[in-house]
Amino acid sequence: MTPPSVTIYHNPKCGTSRNTLGLIRNAGIEPQVIEYLKTPPSRAEILALVAKMGLPLRDILREKGTPFAELGLGNPDLSDEALLDAIDAHPILLNRPIVVTEKGAKLCRPSEAVLDLLPTPQQGAFTKEDGEAVIDAHGKRVI
């Protein structure tokens, strides 16, 4: 049996991204990790991701800690081409983490959103970096 294919567009400096990666690994999966700031996805890859997520491109833009405001990206009249130009120039504008599995693709904010995409169950307890318990010792989600 081939291992499940899971890809995460990851920023190791982001706590949500690190927690999401931890939950993937807690399911016994070693994903393809794309550090998108080092290896930005192409325009075609970005468009394919938003299509798979069923979202408009604007919904995966990150405002906090980015040049979003300075670039005037809040302007609703900007075309997808203009938004893609901005992401090309400033990959930090791409929100993260985005996870892709055979079950679909999703912007995993909060990190627990990844649980709906994983093809295998959690294999043990998992606690987020902030101390919040997400998965108990039996691999079940904590409510």
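In what follows, the accompanying structure is described. Note that the structure is a prediction, hence the values are computed from the model and not measured. (Residues numbered from 1 in each chain as written. Predicted model: local features only at pLDDT ≥ 70, side-chain atom pairs only at ≥ 80, totals over all residues. Heavy atoms only, no water.)

## Regarding the overall build of the protein
Now for step 1: Across its full length, the protein carries 3 helices and 6 strands.
Now for step 2: Against the globule reference of 15 Å for 143 residues, the protein gives a C-alpha radius of gyration of 16 Å, in line with a compact fold.
Now for step 3: When the backbone C-alpha atoms are referred to their principal axes, the protein occupies close to 50 × 35 × 25 Å.
Now for step 4: Across the 143 residues that make up the protein, the buried fraction comes to 45%. (Helix = DSSP H or I, 4+ residues; strand = E, 2+ residues; numbered from the N terminus. Rg over C-alpha atoms; globule rule 2.2 N^0.38 Å. Buried < 20%, exposed > 50% of the residue type's maximum accessible area, 1.4 Å probe, protein only.)

## Focus: the nonpolar core
Now for step 1: Judged by nonpolar contacts, the single largest core of 22 residues is most densely connected at Tyr9, Met53, Leu57, Ile60, Leu93 and Ile98.
Now for step 2: Sorting the residues of this core by element identifies helix 2 (43-53), helix 3 (80-89), strand 3 (98-101) and strand 4 (104-107) as the ones contributing at least two each.
Now for step 3: Core analysis: the next-biggest nonpolar cluster, separate from the first, contains 17 residues, Val6, Ile29, Cys108 and Leu118 among them. (Core = buried A, V, L, I, M, F, W, Y, C linked by side-chain atoms within 4.5 Å.)

## Here we look at helix 3
Now for step 1: Turning to helix 3, its buried residues are Leu83, Leu84, Ala86 and Ile87. Taken around the axis of helix 3, the buried residues stretch over an arc of 160°, which confines them to a single face.
Now for step 2: Tucked inside the fold, the buried residues of helix 3 contact helix 2. (Arc of directions from axis to C-beta. Contact = heavy atoms within 4.5 Å.)

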